[in-house]
Every structure is written in structure tokens, then in C-alpha cells.
Protein chains: 2
Amino acid sequence: MAAGLIRLAHGSGGLLTQELVHSLFVRTLGDEELSRLLDAAVLDHSSALQAGSRLAMTTDAYVVDPLEFPGGDIGKLAVCGTVNDLAATAAQPLWMSAAWILEEGLEIERLRRLVFSMKEAAAEAGIRLVTGDTKVVPHGLAGGAYIGAAGVGIIPPGRDVGPHRIQPGDAILVNGTLGDHGMAIMLLREGISMDTPIESDCAPLNGLVEALFEVGISVHCLRDATRGGVGAVLCELALQSGLGMIVHEEALPVREAVAAACEILGLDPLFVANEGKMVAFLPASEAERALAVWRAHPYGRGAALIGEVAPGKPIVRLRTTIGSERQVRLPAGELLPRIC
Amino acid sequence: MAAGLIRLAHGSGGLLTQELVHSLFVRTLGDEELSRLLDAAVLDHSSALQAGSRLAMTTDAYVVDPLEFPGGDIGKLAVCGTVNDLAATAAQPLWMSAAWILEEGLEIERLRRLVFSMKEAAAEAGIRLVTGDTKVVPHGLAGGAYIGAAGVGIIPPGRDVGPHRIQPGDAILVNGTLGDHGMAIMLLREGISMDTPIESDCAPLNGLVEALFEVGISVHCLRDATRGGVGAVLCELALQSGLGMIVHEEALPVREAVAAACEILGLDPLFVANEGKMVAFLPASEAERALAVWRAHPYGRGAALIGEVAPGKPIVRLRTTIGSERQVRLPAGELLPRIC
């Protein structure tokens, strides 16, 4: 029995650590550089780098509760979060690292599922898991497992996206329904079941972003809408760009089940976390073409034009069908702890 | 009062998160790229990369208990650990990331000290803290704070170190006394005070490594001796190189206070964690010169030649002054949990 659980000694750097690393991480992930087990991965970048390209580096801590949920788990989440942060800078993801903090008592079979799921998501996104670390903390001190993930990617020459490029008149697009991830987690945690089950939208979006560049769309800014949802992204970008944003309430894509669940829990889907949603700013004249490209992609079927950038005060305004407006404000308080 | 403590809302992605990130992390760390607060840092590498150079990437999770200790804290530790892992591949550290997992109730002043200490260590090592993340977990679920750190460095053309280059006859060097970090933590945790206080050796060793390359020493392999100590490093490298190692017991540098403390706690300093010790393998003919270079460096004053590589079975043998030998084996059980 005890052999099936993580013990403190698995994190001590001794024989049990070696065994865990070899039999579980190296065997499951199977990356050649990872399997060399050096303190750092050594990577030949010559084929990836050209003159004028830049490197992008990102990190996130993953503390989602529970570890496994409809549509994903913490392993898949760590890969998708890393890939999407890189994609949001127009980078092509190349390498990533995972530092695991395991809790004494975690079932090793469960850990194996999480690592396997990490491997599958990485394979889909085309990112290599090249280095990692494992620590074990005493029972009760880590909610099962946490992951500190980091990623490195390359921005091809000529690509320049960011809040500094947002312009008045830009169209604001999102690639699908809002709040699926956050509500999937919340319902599971609260023990509420809906007639239509809600799954997390957790997905690697680098292909979706590349699709825009491939057809020559002049993308101005990209941001993946995780913690704080699309609402937080827009409020942040309004401040960072110094421009106003108008959002059309009826254009916001929200699943019926998510809307109903938000109603029950008193939440606004605009501020609920996603793990597979990218917000894109681009010239209005290219919006239709961009929408068509996204709708043809598996992760963009529900893509929608949700608003536009306006001159004036750097605030976000929500416009309703009857023409009334209200300011969208970043919530100060606790939204959804441990949602990612 | 409550204003001085980390709350769950600090991790929600809302206003309090923004405030914490700006007032604490960005202001303290002051890196230009970090302060842009994008999902990923975008880095111009053109000045750093030359034809034939390679990238190195590393990660570690830091879960040390307690968060502050004589000679360092978790912030300094995360920087030194990252820098030393890069230096062990002969890379020059360039960029790093820190993903913080904060526990509800952590004093914000304490967090500020940890971040400041991170900044100081990074400045000393010449590594830039370019991106980060902050999550908050409920009280009791993170022992104060954990950090997932990752780093990227560049290996200049022509450098090739690793277990594959270790050869029979190679000298084995270490840059100073063994077990200082582990014993500093253990004594603090056990509430034992010694006549001579023991401080952690936590230090960034990239300068020490560069010093060897600068004078043209043919370094074959480097490994920083953290969890599991110098003993674990030697056992691992014996296996990875397929060669035997002989260690001379009387040559092992150990502080008197550390030896005494190890005696009390029943530990072998050879297997106690360090955070500022590098093991180097190089041709015996260059050992004296390498020792002189290290002894002239602030982090190498206690440098010693501790053994040599021998043909034959890939095991580590400890030779005593009277000529007897015993095999050094990796301990299977719990060494020192949460030592780094």
C-alpha cells in the first residue's frame, strides 16, 4: 500500500528520488534532453533562431484545486498555461520546465496520470519538456501537488504585439465561450451538478495564434484570459494602452449552462477564468477574415467579435442591446481561489 | 493589521493582485522587462548569442523551512540555486523567472524582505529577474511560501562539460567546506545552538566557475552539491560516467562546528546539503592551478582536492588515512526534508 504513495524520502535526493525520477518522469515524458538528468538542459537553438528573432520567457505557478477536473488536470493546465503565455507574445513555444511540489501521501498512480497528461498536451503543442525538479513537503502542506512551470519560445522576426500597438478602432476578438474553466472547477468544488455538464476549455492555443500570422493578419495585441477572465484582460489592457474599450454585451459568447451556473453562484462570466481563450486586437478591416480563420480551427469554432477600442478614458464600458452603458470594473475581492 | 498580511484576494487576479505586484515585486526588483508585466518577457538575445553558443535552461522548486535562516532565505536560495545549476553546465546566467506560491496570512513585510534578498543575489550574480507569477493558497497549505524558479543562460562556443567528459585520473575538487547549509537549517529547526554559529553557504557560483575558464583550465564536469550533498553528486556521476571515484576522507573540508553538529544528529557531512559548493572534475595536471584560482576567489577560499577518478566499477570509495576503504552509498531514506 505505502509503496503507492509519495513519501518524504522521494524528495530527499537519495535513492527513492532517483527511482521516482527515472521510473515516472523520465519514462513517461521520454524527452532525450530531460533523460540526461543534468542540472540544466542544454539546447541547440541554431535551427530555431534567425537574425531579428527574439526570445520570450514565461512562468506560472499552478495550484488548482482539485487536481483533476472535467476537461483537464494540473499537468495539462501547466502546459497550456505556459504555451498560451508564450503565444500571447507571438512566440512559438520551444522548451518548458516543470518544478513539482508534491505532498506526502499523494498516490503515485495519480501523479503518473498528471505527468502523462502533461506529456500529451506538450506533444499537441509541440513544446519540449526539457528539465524538471521534484520536491516533497509533509502531508497537509501542498493540497496534493503544485507545479511551477516556465517556458521559452522564439518570436520570429517582424512580429511585434503588445499593448503599445493597440489603436483606436481596433476590433476585439475572442476565440470562444467565456468562463468554462472557472465554472467547471467551481461546480466540482461546490458539488453542484448541472443537466449539461461543463468542461474546462483548457487547450494550447499556439496553433490558433499561428493561423492568424500565416494568413498575414496584422495582429496588434494578444492576451490569454485566465485568472480574472476576459474582463480583467480588458481592464488591464485599457490601462496599459491608455485607450478605452467598448464591449457589446450581446456579442459575448457564453454557454447556457455556464450562464445558469454563474447566476446560481452570483458570478459574472466576464470575470470567470478561462484556460483556452485568447483575446486578440487587430484592425477592424481584418476582423472578418480573422474570425473566419479562427472559426475554421478546432479551438476557435465559437470565435466572436466582442467589441472595439475607442479613444478617450482608459476604461472598459459594457454596452447593452438597448444602448445603455456601464463601466466594467476589476473586482477587488476574492474571485475564485485556486482556479489555476 | 490585516492589511499587513497576504490574503486570498491577493492571488485572485483582481485589484489586490495588481497592487501587490506593482508595489512589491515590480518596485523592489526594478527590472525594465519585468515592469512591462506581459504574460512573458521578451528578450533581445542578439548581443548574447554567437555562432556555436548553446542555450541552457534549468528549474527548481524551493520549499525550505524556515523561510529565513542564518546566511540566507528562500529568495536568495532561489537565485543561487538557479545560477549554480546554470553554472554547472558552464553557462553564463542571463534571465530568470520566479513563480511564488504564497500562503494566506504571510506577513507582507516578510515577503518584501524575501523579494529584496532575491534582488540582491540576482544583482551579484548578474542575472535578470524578467518574469514572475503570484498565487495565493489558503492558510496551512504552503508553509509560508514556495518558489518555482527557472533560469536561462548561454554556453559560450567551445565549452563542453558533463559526465561524458569525465576520465580516469581526473582530479575532483570542491570549493570549500561541506554541509554548512544543511546543518544551519537543521540546527535552527531543532532549536540547537552551538558555541560557533553555523551559517548557510548559500552563494552564486557563476563567478567561481568563470574564473576557471578565464585561465584556460580544461574543465571536464561541474555539479553543484545541493540536496544529498557531495556524496550524492559523486554517486550519481560515477553511474553517469561509468567510472569509479576515490575520495580521501582526510581531505574533505568540514567545519569543526558542522562536524560536531553532524555527530549530535547522526548525519554524515558528505551527504548534507550545500548551497554554495561546486564539485569540479579536471585533468590532474591542472589541479594545482585550478585550486590556486579558486582559493583567490571569495567563494573558494576553502577549496580542496578531495579525490580522483579511477577506472573500474562505477562506485565511490572512501579511503581513510590508514588506507582502509569503504563504499559510499546513496542513502535510501529520508535525509533532510525541506532543506532547499
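Here the residue numbering is sequential within each chain, running from 1 through the sequence in written order. Labels follow written order: the first chain is A, the first ligand is 1, and so on. Given that the model is predicted, a residue must reach a pLDDT of at least 70 before its local features are reported, and side-chain atom pairs must reach 80 or more before they are shown or counted; all residues, however, enter totals for whole chains, interfaces and linings. Side-chain numbers here rest on the full set of heavy atoms in the structure, without hydrogens or water.

On to the interface of chain B and chain A, then. When checking whether two residues touch, look at their non-hydrogen atoms; a contact exists if any pair is within 4.5 Å. Contact with chain B, which involves 78 residues of that partner, is made by 77 residues of chain A. Once two parts are brought into contact, the accessible area they lose, counted with a 1.4 Å probe and summed over both, makes up the buried area. Carbon and sulfur atoms make up 63% of the surface buried where chain B meets chain A, a total of about 6100 Å² over both sides. On the chain B side of the interface with chain A, the three residues burying the most area are Asp39, Met57 and Arg227 of chain B, jointly 13% of the side's total. The salt bridge definition used is simple: a Lys or Arg side-chain nitrogen within 4 Å of an Asp or Glu carboxyl oxygen. Residues Asp133 of chain B and Arg227 of chain A are paired through a salt bridge, measuring 2.9 Å at the closest nitrogen-oxygen approach.

Another aspect to go through is unusual backbone geometry. All names here are of chain A. Note that the residue after Asp65, namely Pro66, is joined by a cis bond; omega there is 5°. As for its placement among the helices and strands, Pro66 is situated in the loop between β2 (54-62) and β3 (68-69). The phi dihedral of Ala90 falls on the positive side, at around 70°, and the residue is not glycine. One can find Ala90 in the loop between α2 (74-87) and β5 (92-103). Overall, the relative accessible area of 0% leaves Ala90 in the buried class. Think of it this way: any DSSP run of H or I at least four residues long counts as a helix, any run of E at least two long counts as a strand, and we number them from the N terminus. Accessibility here uses a 1.4 Å probe with only protein chains present; expressed as a share of the type maximum, an area under 20% marks a residue as buried, one over 50% as exposed, and anything in between as partly exposed.

Moving on, we come to helix α4 (residues 180-190) of chain A. All names here are of chain A. For α4, a buried count of eight out of 11 residues is recorded, marking the element as mostly surrounded by other parts of the structure. Of all the positions in α4, only Asp180, His181, Gly182, Met183, Ala184, Ile185, Met186 and Leu187 are classed as buried. Gly191 sits one or two positions beyond α4 and adopts a positive phi of about 70°.

Before going further, it helps to spend a moment on the relation of the copies chain B and chain A. A least-squares superposition brings the copies together, and it is based on the C-alpha atoms of residues with pLDDT no lower than 70 in both. Superposition record for chain B on chain A: RMSD 0.0 Å, screw rotation 180°, translation along axis 0.0 Å. Put plainly, the chains are arranged around a two-fold axis. Here 99% of the contact residues of chain B are again contact residues in chain A; the copies associate through an equivalent surface.

Now for the pairing of strand β10 (residues 244-248) of chain B. Residues and elements named next belong to chain B. In terms of burial, β10 is largely enclosed, as five of its five residues are buried. Burial along β10 is two-sided: Gly244, Ile246 and His248 and Met245 and Val247, pointing in opposite directions, are all buried. When DSSP locates at least two bridges between a pair of strands, those strands are taken to pair. Across four bridges, β10 lies against strand β12 (residues 304-310) in antiparallel orientation. Residue pairing in the sheet places Ile246 in a bridge with Glu308 of β12.

Right, let's get into the pairing of β12 of chain B. Residues and elements named next belong to chain B. The buried fraction of β12 is high, at five of seven residues. Where strand β8 (residues 171-174) and β12 come together, four bridges link them in antiparallel fashion. Residue pairing for β12: Ala171 is matched across the bridge by Glu308.

Right, let's get into helix α8 (residues 287-295) of chain B. Listed in full, the buried residues belonging to α8 of chain B are Ala287, Ala290, Leu291, Val293 and Trp294 of chain B. Projected down its long axis, α8 of chain B shows its buried positions confined to an angular sector of 160°, all on one face. To obtain the arc, one takes the directions from the helix axis to the C-beta atoms.

This part is about the pattern of salt bridges. If the charged atoms of two oppositely charged side chains come close together, the side chains can form a pair. One pass over the structure, following the stated rule, counts 34 salt bridges over all chains. Arg112 of chain A is the partner of Glu109 of chain A in a salt bridge, and the nearest nitrogen-oxygen pair spans 3.1 Å. You can see Glu109 of chain A and its partner Arg112 of chain A sitting in helix α3 (residues 108-125), three residues apart, about one turn around the helix. Judged by relative accessible area, which is 48%, Glu109 of chain A ranks as partly exposed. Using a relative accessible area of 30% as the deciding quantity, one classes Arg112 of chain A as partly exposed. Overlapping salt bridges, with partners in common, bring together Asp60 and Arg227 of chain A together with Asp133 and Lys135 of chain B in one network.

Strand order in the open sheet made by the five strands is β6(A)-β5(A)-β7(A)-β2(A)-β1(B), with mixed pairing throughout. Taken across any chain shown, the strands that pair with only one partner, and hence form the sheet edges, are β6 (128-137) of chain A together with β1 (41-43) of chain B. Taken pair by pair, the neighbouring strands of this sheet meet at an average axis angle of 15°, ignoring direction. One ladder, built from nine bridges, connects β5 of chain A with β6 of chain A; its direction is parallel. Looking at β6 of chain A, one finds that Ile101 of chain A is bridged to Lys135 of chain A. Axis lines are fitted through C-alpha atoms, for helices just across the contact stretch, and the angle between N-to-C directions can take any value from 0 to 180 degrees. Across the sheet, helix α1 (residues 15-29) of chain A is in contact with β5 and β6 of chain A; its angle to β6 of chain A comes to roughly 150°.

Once that is clear, we can look at the domain arrangement of chain A. All names here are of chain A. For chain A, the domain assignment lists domain 1 (8-155) and domain 2 (163-328). What marks off one domain from the next here is an automatic or database domain assignment. Using only C-alpha atoms to locate each centre, domain 1 and domain 2 end up separated by 27 Å. Opposite the 20 residues of domain 1 that make contact, domain 2 presents 23 residues. Carbon and sulfur atoms supply 61% of the area that domain 1 and domain 2 bury against each other, a total of about 1800 Å² over both sides. On the domain 1 side of the contact with domain 2, Pro70, Asn84 and Ala88 bury the most area, a combined 27% of that side's loss. Inspection of the domain 1/domain 2 interface yields one salt bridge.

Working definition: rings of Phe, Tyr and Trp (its six-membered ring) pair if their centres are within 6.5 Å, and the pair is stacked with planes under 30 degrees apart, edge-to-face with planes over 60 apart, and tilted otherwise. All chains considered together, the criterion is met by three aromatic pairs over all chains. With centroids separated by 6.2 Å and ring planes inclined at 50°, the aromatic side chains of Tyr146 of chain A and Tyr146 of chain B adopt a geometry described as tilted. Of this pair, Tyr146 of chain A sits in strand β7 (residues 145-155) while Tyr146 of chain B sits in strand β7 (residues 145-155), each in a different chain. On the basis of relative accessible area, Tyr146 of chain A is assigned to the buried category, the value being 0%. Their ring planes at 55° and their centres at 5.8 Å tell us that Phe25 of chain B and Trp100 of chain B sit as a pair that is tilted.

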